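Observations on chain architecture
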Amino acid sequence: MYLVCLPLCCSAALPKIHIIATGGTIAGRTASDGKGYDAGQVGIDVLLDAVPRLKKYAELDYEQFCNIGSQDMDENVWMALSRLVNEVLSGDVYDAVIITHGTDTMEETAFFLNLTVRGPKPVILVGAMRPSDAPDADGPANLLAAVKATASRRCQGREVLCCSAGKLYEAGRIFKYDSHAIEAFCSGNGLSGLRRGMFDISSVGVLPKVGIIYGYAGCSTLPLRAFIDNGFDGVVLAGVGMGNFYGEVMDLALKAAAGGMKIVRSTRVVSGGVFTPLGEVNDEQCGFIAAGPLNPQKARILLMLALTRTDDTAAIRNYFAK
Ligand code: SIN
């Protein structure tokens, strides 16, 4: 976790930042009946106009890529976004990209972009926990913090970053741990060997299909059966403890792995991860893959991207061991 420092002195030319707006609560508006709010309602032009000081730190332009709640993000949006960011940053025009995004799946988009966006130029996702018209809206301060951080050039050569509540978080480590609080994010352990832009998806049409199954006492085999019957390429088990699963699910997972489905064991526990020699399951014998420190949603993304390169289980294990 890195605190955002206060302004640089801006005598030299201001950096050029392209802002890509995708929606989220930062672009949210109070519902017409006054109860709750809707995400992805307000245009990026309005959000930027509300923070005139941004212009002091950077030359900004923007595009409205979509305007959705981040619960509606999916692989197709990620792929299109990744291609757009690569294109924007490939020329000499822009020094950085800032993406406004809902906080619910921000860690997933950031993780995907980190693995697929090349080069050293800063990419920062920024969101908010209060809608844009709330009296205590946090979006304007977060936008300002993201622009200042980008303009300070301290973010050059770094992972894709997320900016929230005045702090910067690396894509490989960030996770959302509070569903309401302004300080919604935390930084956990990541895989240090995953490099920014290590997966080239320029010729990938559709990503492999990977689902997640949440473990609990007496877990049903139905979700795993459904994934198998529907031809999924892989499944991440968000197991209990060190990636354990109810016996019947484990038995079915063993059969699925023997049949070629990739089974990654992660955990529903917030910290600690799943490492193969430590627990009760011998992944090599079972044909499984241990997720290491990755939570289920990040393990799913790494498995999808690894499957674009290889379907060799041992080779996929290497990505998770980095
Ligand atoms: C969303 O993720 O789009 C809604 C919640 C938020 O932005 O905080």
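Residues numbered from 1 in each chain as written. Predicted model: local features only at pLDDT ≥ 70, side-chain atom pairs only at ≥ 80, totals over all residues. Heavy atoms only, no water.

**Thoughts on a nonpolar patch on the surface**
A cluster of nonpolar side chains, contributed by Met 242, Phe 275 and Leu 278, occupies part of the molecular surface with about 290 Å² of accessible area. Residue placement: Leu 278 occurs in the loop between β14 (262-267) and α7 (283-286). Taking the relative accessible area as the measure of exposure, Leu 278 reaches 60% and is therefore exposed. (Patch = residues over 30% accessible without salt bridge, like charges linked within 9 Å, V, L, I, M, F, W, Y side chains within 5 Å. Areas by Shrake-Rupley, 256 points an atom, 1.4 Å probe, with all protein chains shown as cover. Salt bridge = Lys/Arg side-chain N within 4 Å of Asp/Glu carboxyl O. Helix = DSSP H or I, 4+ residues; strand = E, 2+ residues; numbered from the N terminus. Buried < 20%, exposed > 50% of the residue type's maximum accessible area, 1.4 Å probe, protein only.)

**A few points about the pairing of strand β12 (residues 210-214)**
Across a regular strand the side chains alternate sides, sitting on one face of the sheet and then on the other. With five bridges joining them, β12 and strand β13 (residues 234-239) adopt parallel strand pairing. Across the sheet, the residue bridging to Gly 211 is Val 235, located in β13. Read from β12 through helix α5 (residues 222-229) to β13, the crossover connection turns out right-handed. (Pairing = 2+ DSSP bridges. Right-handed = clockwise from strand over helix to strand, strands pointing away.)

**Considering the nonpolar core**
Of all hydrophobic cores here, the largest spans 32 residues; its most connected members are Phe 112, Leu 115, Val 264, Leu 302, Leu 305 and Phe 320. Elements that contribute at least two residues to this core include exactly α2 (75-90), α3 (106-116), α8 (296-307) and α9 (313-320). Among the elements that line this core, the one with the most residues is α8, at eight residues. Beyond its immediate chain neighbours, meaning those up to four positions away, Phe 320 contacts Leu 191, Val 264, Ile 289, Ala 290, Ala 291, Leu 294, Ala 299, Leu 302 and Leu 303. (Core = buried A, V, L, I, M, F, W, Y, C linked by side-chain atoms within 4.5 Å. Contact = heavy atoms within 4.5 Å.)

**Concerning the packing of aromatic side chains**
If you walk through the whole model with that rule in mind, you get four aromatic pairs. Ring geometry for Phe 227 and Phe 232: centres 4.6 Å apart, planes at 50°, overall tilted. (Phe/Tyr/Trp six-rings, centres within 6.5 Å; stacked < 30°, edge-to-face > 60°.)

**Observations concerning the site of the ligand**
Close contacts around the ligand come from Gly 24, Thr 25, Tyr 37, Gly 69, Ser 70, Gln 71, Gly 102, Thr 103, Asp 104, Ala 128 and Met 129, and that covers them all. Between the ligand and Asp 104 there is a distance of 2.9 Å, counted from an oxygen atom to a backbone nitrogen or oxygen. Coverage of the ligand by the protein chains reaches 95% of its 250 Å² of free accessible surface. Along the lines of polarity and charge, the residues of the shell around the ligand split into three nonpolar, seven polar and one charged. (Near = heavy atom within 4 Å. Polar contact = N/O pair within 3.5 Å; in protein donor to acceptor, adjacent residues only side chain to side chain. Nonpolar A, V, L, I, M, F, W, Y, C, P; charged D, E, K, R; others polar.)

**Description of unusual backbone geometry**
In this structure, Ala 165 is a non-glycine residue whose phi angle is positive, near 50°. Considering the arrangement of structural elements, one finds Ala 165 in the loop between β8 (161-164) and β9 (167-170).

**Observations regarding the sheet that holds strand β15 (residues 289-290)**
Judged by pairing direction, the sheet is parallel, and its four strands sit side by side in the order β12-β13-β14-β15 without closing on themselves. Unpaired on one side and paired on the other, β12 and β15 mark the two borders of the sheet. Along the sheet, α5 makes contact with β12 and β13, crossing β12 at roughly 170°. (Axes fitted to C-alpha atoms, helices over the stretch in contact; angles between N-to-C directions.)

**Some details on the layout of surface pockets**
By volume, the largest pocket is sized at about 560 Å³. Considering the residues around the largest pocket, the lining is formed by 26 residues, among which Thr 267, Val 269, Val 270, Asn 295 and Pro 296 are closest to the centre. Taken together, the elements giving at least two residues each to the lining of the largest pocket come down to β10 (174-176), β12 and α8. Of the residues in the lining of the largest pocket, the class split is 12 nonpolar, nine polar and five charged. (1 Å grid on protein atoms, 1.4 Å probe; cavity = no way out; pocket = protein on both sides within 12 Å on 5 of 7 lines; lining within 4 Å. Points joined across faces, edges and corners; volume = space filled by probe spheres on them.)

**Focus: α8**
Here α8 contains 12 residues, and its C-alpha end-to-end distance of 16 Å stays within 8% of the 16 Å for a straight helix at 1.5 Å per residue. Within α8, 11 of the 12 residues are buried, which leaves the element mostly enclosed by the surrounding structure. For α8, every residue scored as buried is listed here: Pro 296, Lys 298, Ala 299, Arg 300, Ile 301, Leu 302, Leu 303, Met 304, Leu 305, Ala 306 and Leu 307. (Expected span 1.5 Å × (residues − 1).)

**Side note on the packing of α2 against α3**
The interhelical angle for the contact between α2 and α3, taken along N-to-C directions, is 50°, at an axis separation of 10 Å. It follows from the interaxial angle that α2 and α3 lie oblique. You can see that α2 and α3 cross each other, and the crossing is right-handed. Each of Trp 78, Met 79, Leu 81, Ser 82 and Asn 86 in α2 lies in contact with α3, whose residues at this interface are Glu 108, Thr 109, Phe 112, Leu 113 and Thr 116. Residues that form the contact of α2 with α3 fall into these classes: five nonpolar, four polar and one charged. (Parallel < 35°, antiparallel > 145°, perpendicular 65-115°, else oblique. Left-handed = near helix turned anticlockwise from the far one by under 90°.)

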